[in-house]
Amino acid sequence: MMTYPKILFPVDLTKESQVVAKHVATMVDKFDAELHMVHVIANFKSPTFASISDVRDQIKANAQKEIDEFAAVNFPHVTQTKTKVLTGHSGRQILSYMEKQNISLVVMGTHGRSGLGTAFFGSVAQRVVQNAKVPVLTVHPV
C-alpha cells in the first residue's frame, strides 16, 4: 500500500477551502500524515514607496493569522500541522515548498476554470499537476 507521510494543502482561504479541507482531513487521517498548509500572497514591490515593505509585512502577518485559525478550525485533531505563508508566484512557490519539505502528496482545490478563464487567469492547480514530482489530488469544490 502507498503511504503519504507528508501531505501539502495549498489553501487560498476562500469559502471553497472549507470543502477541500474535508478531503484533506480524510487523507491526513487515512495515512496518519503530517499536514503542511501553505498560503501564497503576491510579491508586490514599488520603488516609489518606502513603506510598501511594511504593508507587505502586515499582509503576510494577517495571512499567517488566518491560515493558523483555518488550521485550528478545520484540523483540530491533527497533531502534526505546519502552516506557512509564502510570497511570490503561487505555482512556483508551491512547487518549491514541495521539494524543500519532501512532500509526498498534494491535495488542492481547483476553481474549475476552462477556456478563456484559464488563459487569462492561469491555473495554479494545473501548473502544480503538470510539474509536481509527487501525486496531486485536485478537488473541485461544489
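Here the structure is a predicted model, which means the values were calculated and not measured.

Engineer: Explain the side chain of Ser104 residue by residue, including any values.
Structural biologist: As for its position among the elements, Ser104 is in the loop between α3 (90-101) and β4 (105-109). The exposure class assigned to Ser104 is buried, which follows from its relative accessible area of 15%. Those residues within four positions of Ser104 in sequence are excluded, and the remaining contacts are Tyr4, Pro5, Lys6, Val134 and Pro135.

Engineer: Got a sec to walk through the packing of aromatic side chains? Specific residues and values, please.
Structural biologist: Aromatic ring pairs are reported here in terms of the distance separating the ring centres and the angle at which the planes meet. Tallied over the entire structure, the rule returns three aromatic pairs. Taken together, a centroid distance of 4.9 Å and an interplanar angle of 90° make the contact between Tyr4 and Phe31 edge-to-face. Of this pair, Tyr4 sits in the segment before β1 (6-10) while Phe31 sits in helix α1 (residues 15-31); the two residues are 27 residues apart in sequence, bridging distant segments of the chain. Of the two residues, Tyr4 and Phe31, neither departs from the other in class, the shared state being buried. Seen from their ring centres, Phe9 and Phe70 are 6.2 Å apart, and the 50° between their planes marks the pair as tilted. With Phe9 in strand β1 and Phe70 in helix α2 (residues 52-74), the pair connects residues that are 61 residues apart, well separated along the chain. By relative accessible area, which is 6% here, Phe70 ends up buried. Taken together through their ring pairs, the aromatic side chains of Phe9, Phe70 and Phe75 make up a single cluster.

Engineer: So what's going on with the sheet that holds β4? Which residues, and what values?
Structural biologist: Judged by pairing direction, the sheet is parallel, and its five strands sit side by side in the order β3-β2-β1-β4-β5 without closing on themselves. In the strand order of this sheet, the two ends are held by β3 (81-87) and β5 (136-139), each with one partner. Strand-to-strand twist in this sheet, taken as the mean axis angle between neighbours without regard to direction, amounts to 20°. As defined by bridge partners, β1 adjoins strand β2 (residues 34-41) across five bridges and the pair is classed as parallel. What sits directly across from Leu8, in β2, is His36.

Engineer: Any chance you could break down the pattern of salt bridges for me, citing the residues and the numbers?
Structural biologist: One side chain can pair with another of opposite charge once the charged atoms of both are near each other. Applying the stated criterion to the full structure yields one salt bridge. For the salt bridge of Glu34 with Lys82, the shortest nitrogen-to-oxygen distance reads 3.8 Å. Placement of Glu34 in strand β2 and of Lys82 in strand β3 is noted, with a sequence separation of 48 residues between them.

Engineer: Outline the side chain of Ser17, listing residues and values.
Structural biologist: Along the chain, Ser17 falls in helix α1. Ser17 gets classed as buried once you look at its relative accessible area, which sits at 4%. A polar atom in the side chain of Ser17 sits 3.3 Å from the backbone nitrogen of Leu13. When residues no more than four places from it in sequence are discounted, the contact partners of Ser17 are Phe9, Val11, Asp12 and Phe70.

Engineer: So what's going on with the pairing of β4? Which residues, and what values?
Structural biologist: With four of its five residues buried, β4 lies for the most part within the structure. When β1 meets β4, the two strands line up parallel, connected through two bridges. Each residue of the ladder has a partner; that of Leu8, found in β4, is Val106. Relative to β5, β4 runs parallel, the two sharing four bridges. Among the inter-strand pairings, Val106 is bridged to a residue of β5, identified as Val136.

Reading the values: the criteria
Residues numbered from 1 in each chain as written. Predicted model: local features only at pLDDT ≥ 70, side-chain atom pairs only at ≥ 80, totals over all residues. Heavy atoms only, no water. Helix = DSSP H or I, 4+ residues; strand = E, 2+ residues; numbered from the N terminus. Buried < 20%, exposed > 50% of the residue type's maximum accessible area, 1.4 Å probe, protein only. Contact = heavy atoms within 4.5 Å. Phe/Tyr/Trp six-rings, centres within 6.5 Å; stacked < 30°, edge-to-face > 60°. Pairing = 2+ DSSP bridges. Axes fitted to C-alpha atoms, helices over the stretch in contact; angles between N-to-C directions. Salt bridge = Lys/Arg side-chain N within 4 Å of Asp/Glu carboxyl O. Polar contact = N/O pair within 3.5 Å; in protein donor to acceptor, adjacent residues only side chain to side chain.

Just distances and angles here, no functional claims.
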